[in-house]
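# Architecture at a glance
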Amino acid sequence: MPWSSRVERVAPFRVMSLLETAQAREAAGHDVIHLEVGEPDFPTPGPVVDAGQAALAAGHTRYTPAAGLPALREAIAGHYAEHFGAEVDPGRILVTPGASGALLLASQLLVEPGDRVLMADPNYPCNRHFMALAGAEVDVVPVGDESGWQLDADLVARHWRDETRLAMLATPSNPTGHMLDAGRLAAVAETVAARGGHLLVDEIYQGLCYDLAPLSAASITPDAFVVNSFSKYFGMTGWRLGWLLAPEAAAEPLTRLAQNVFLAAPTPAQHAALAAFTPECREILEARRRELGRRRDALLAGLARLGLAPSLPPQGAFYLWLDISRYSHDSQAFCQRLLEEENVAITPGIDFALSGGEHHVRIAFTTSIERLEEAVGRLERFLARR
């Protein structure tokens, strides 16, 4: 029986197969260093866990409103005011089951069959796939050092078509970790607005910045759709909680969509997330951000010794995007052999880039400095045999 043609447009996420292989090797007794999945080794902060347990004990297990717990929407609005100087009406915020829920709502609201969407290449593959499931055609724009690995205003202007309805940015980005500063982000917003289009900004890694201060499109324009998550900076990956900040006029149709698509985000997770904005939790999260910065620097130093460090270090997130063309033009085979020969798991670039992914890999610095240094040593042995 044939499946929907929309499903055929969704490529597999190859890193999940590689993770399964890495876990099988680990179960067989091999010492595997995991640098493949975007999930740091930190547990969910204690105040969040405590709040979640308290919510369960208090019986907070029934549905919340479709747009989310009012207190949590107010707390998210307060977060924008405190850290980004953006006055946001809580009514513009929808709490969703992970950032994926926010992307689902945004894609269904903003595009339809025949519309075109602009994105950078490389990019997180699920961003493309959500738009494809909504029937849109995605125009990926190859980016590199010259544009800071981002889709900038000039690229948007050059690649915009009559059928283009949406430009999507990710800052900091997955897989490169690069960011747009306020000026460049504002220029993109102006370029999109001048063409009557929509701007969707993925800010999932927003709090994890090392060289530039975190910023939000919310402080630049009230017309942007902004996706964020409690997974990365706040350390709540398995709690499956995110949010979508939308222009005022979009709140009502998005709420209607949420009512029909997922009813509401998980109630205990929403109560737990309230604790993520407390000073006690903020102190924990900032200490973790600084530790990730130290890990980044240690990994860059090790890779520089091998001649593999990127010319533009990542400014945020917890990834390095490496050019391996000196050694291979088959990133999937490269990653598979590295896992089999040295028990180091990294991600093939073909998961993220339609152009050039075959000679790039993504490394997640989500484990200790000691393990990262061990991984570099194993990689050095592996490359010596190439």
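Each value, and the rule that gives it
Residues numbered from 1 in each chain as written. Predicted model: local features only at pLDDT ≥ 70, side-chain atom pairs only at ≥ 80, totals over all residues. Heavy atoms only, no water. Helix = DSSP H or I, 4+ residues; strand = E, 2+ residues; numbered from the N terminus. Buried < 20%, exposed > 50% of the residue type's maximum accessible area, 1.4 Å probe, protein only. Contact = heavy atoms within 4.5 Å. Lys, Arg positive; Asp, Glu negative; His and termini not counted. Charge placed at Lys NZ, Arg CZ, Asp CG, Glu CD. Core = buried A, V, L, I, M, F, W, Y, C linked by side-chain atoms within 4.5 Å. Phe/Tyr/Trp six-rings, centres within 6.5 Å; stacked < 30°, edge-to-face > 60°. Axes fitted to C-alpha atoms, helices over the stretch in contact; angles between N-to-C directions. Parallel < 35°, antiparallel > 145°, perpendicular 65-115°, else oblique. Left-handed = near helix turned anticlockwise from the far one by under 90°. Nonpolar A, V, L, I, M, F, W, Y, C, P; charged D, E, K, R; others polar. Pairing = 2+ DSSP bridges. 1 Å grid on protein atoms, 1.4 Å probe; cavity = no way out; pocket = protein on both sides within 12 Å on 5 of 7 lines; lining within 4 Å. Points joined across faces, edges and corners; volume = space filled by probe spheres on them. Salt bridge = Lys/Arg side-chain N within 4 Å of Asp/Glu carboxyl O.

## Here's the deal with the overall build of the protein chain
Within the protein chain, the regular secondary structure consists of 13 helices and 12 strands. The proportion of buried residues among the 386 residues of the protein chain is 56%. Restricting to contacts in the protein chain with at least 6 residues of sequence separation, those with at least 24 account for 74%. A gap of 3 Å separates the mean positions of the 33 positive and 47 negative side-chain charges of the protein chain.

## Here we look at the nonpolar core
Grouped together as the largest cluster of nonpolar side chains are 118 residues, with contacts concentrated most on Tyr 80, Met 131, Leu 199, Leu 200, Phe 230, Ile 346 and Leu 379. If we skip the residues at most four places from it in the chain, Phe 230 touches Leu 72, Ile 76, Gly 235, Met 236, Leu 241, Gly 242, Trp 243, Ala 273, Ala 276 and Phe 277.

## Description of the packing of aromatic side chains
Tallied over the entire structure, the rule returns 13 aromatic pairs. Geometrically, the ring pair formed by Tyr 233 and Phe 234 is edge-to-face, given 5.1 Å between the ring centres and 80° between the ring planes. Neither residue differs from the other here; Tyr 233 and Phe 234 are each classed as buried. Relative to Phe 382, the ring of Phe 334 has its centre 5.2 Å away and its plane inclined at 85°; by these criteria the two rings are edge-to-face. Taken as a pair, Phe 334 in helix H12 (residues 331–342) and Phe 382 in helix H13 (residues 369–384) lie far apart in primary sequence, 48 residues in all. We classify Phe 382 as buried; its relative accessible area is 0%.

## Section: the packing of H12 against H13
Orientation of H12 relative to H13, taken along the N-to-C sense of each, is 110°, at an axis distance of 10 Å. Relative to H13, the element H12 lies roughly perpendicular. Crossing geometry of H12 relative to H13 is assigned as right-handed. On H13, the residues touching Phe 334, Arg 337, Leu 338, Glu 341 and Glu 342 of H12 are Arg 378, Leu 379, Arg 381, Phe 382 and Leu 383. Of the residues assigned to the contact of H12 with H13, the class counts are five nonpolar, no polar and five charged.

## Considerations on the pairing of strand S4 (residues 137–142)
The sheet contact formed by strand S3 (residues 116–121) and S4 spans six bridges and is parallel. By the bridge assignment, Arg 116 is partnered in S4 with Glu 137.

## Points about the sheet that holds strand S9 (residues 319–323)
One open sheet holds the three strands; their spatial order is S9-S12-S11, and the pairing between them is antiparallel. Only two strands of the sheet have a single neighbouring strand rather than two, namely S9 and strand S11 (347–348). The sheet contact formed by S9 and strand S12 (residues 360–364) spans five bridges and is antiparallel. Following the sheet pairing, Asp 323 is matched in S12 by His 360.

## As for the layout of surface pockets
By volume, the largest pocket is sized at about 520 Å³. Forming the boundary of the largest pocket are 27 residues, of which Phe 13, Gly 38, Tyr 124, Tyr 205 and Lys 232 lie nearest the centre. The set of elements that each furnish at least two residues to the lining of the largest pocket consists of helix H2 (14–27), helix H5 (98–110) and helix H6 (125–133). The element best represented in the lining of the largest pocket is H5, accounting for four residues. Considered class by class, the residues forming the lining of the largest pocket number 13 nonpolar, eight polar and six charged.

## Digging into the pattern of salt bridges
Applying the stated criterion across every chain, the model contains 20 salt bridges. Of the charged contacts, one joins Arg 9 and Glu 137 as a salt bridge, the two residues approaching to 3.5 Å between their closest N and O atoms. Of the two residues, Arg 9 sits in the loop between helix H1 (5–8) and H2 while Glu 137 sits in strand S4, which places them 128 residues apart along the sequence. By relative accessible area, Arg 9 is classed as partly exposed at 33%. Judged by its relative accessible area of 35%, Glu 137 is partly exposed. Several salt bridges share partner residues, and in doing so they unite Asp 31, Arg 371, Glu 374 and Arg 378 into one network.

## Things to note about the sheet that holds strand S5 (residues 164–170)
Sheet architecture is open: seven strands sit in the order S2-S8-S7-S6-S5-S3-S4, paired in mixed fashion. Two strands bound the open sheet, and with one partner strand each, they are strand S2 (93–96) and S4. Strand-to-strand twist in this sheet, taken as the mean axis angle between neighbours without regard to direction, amounts to 20°. Here S3 pairs with S5 via four bridges, running parallel. In the sheet register, Met 119 faces S5, and the bridge partner there is Met 168. Sitting on the sheet, H5 touches S2, S5, strand S6 (198–202), strand S7 (225–229) and strand S8 (242–245), and the angle it makes with S7 is about 160°. Here helix H8 (residues 182–194) sits on the sheet and contacts S5 and S6; the angle it forms with S6, its principal contact strand, is near 150°.

## Some remarks on the environment of Tyr 124
Examined against the element boundaries, Tyr 124 turns out to sit in the loop between S3 and H6. Separated by 78 residues in sequence, Tyr 124 and Asp 202 place their C-alpha atoms 9.9 Å apart. What Tyr 124 contacts, discounting residues up to four positions off in sequence, is Phe 13, Asn 174 and Phe 352.

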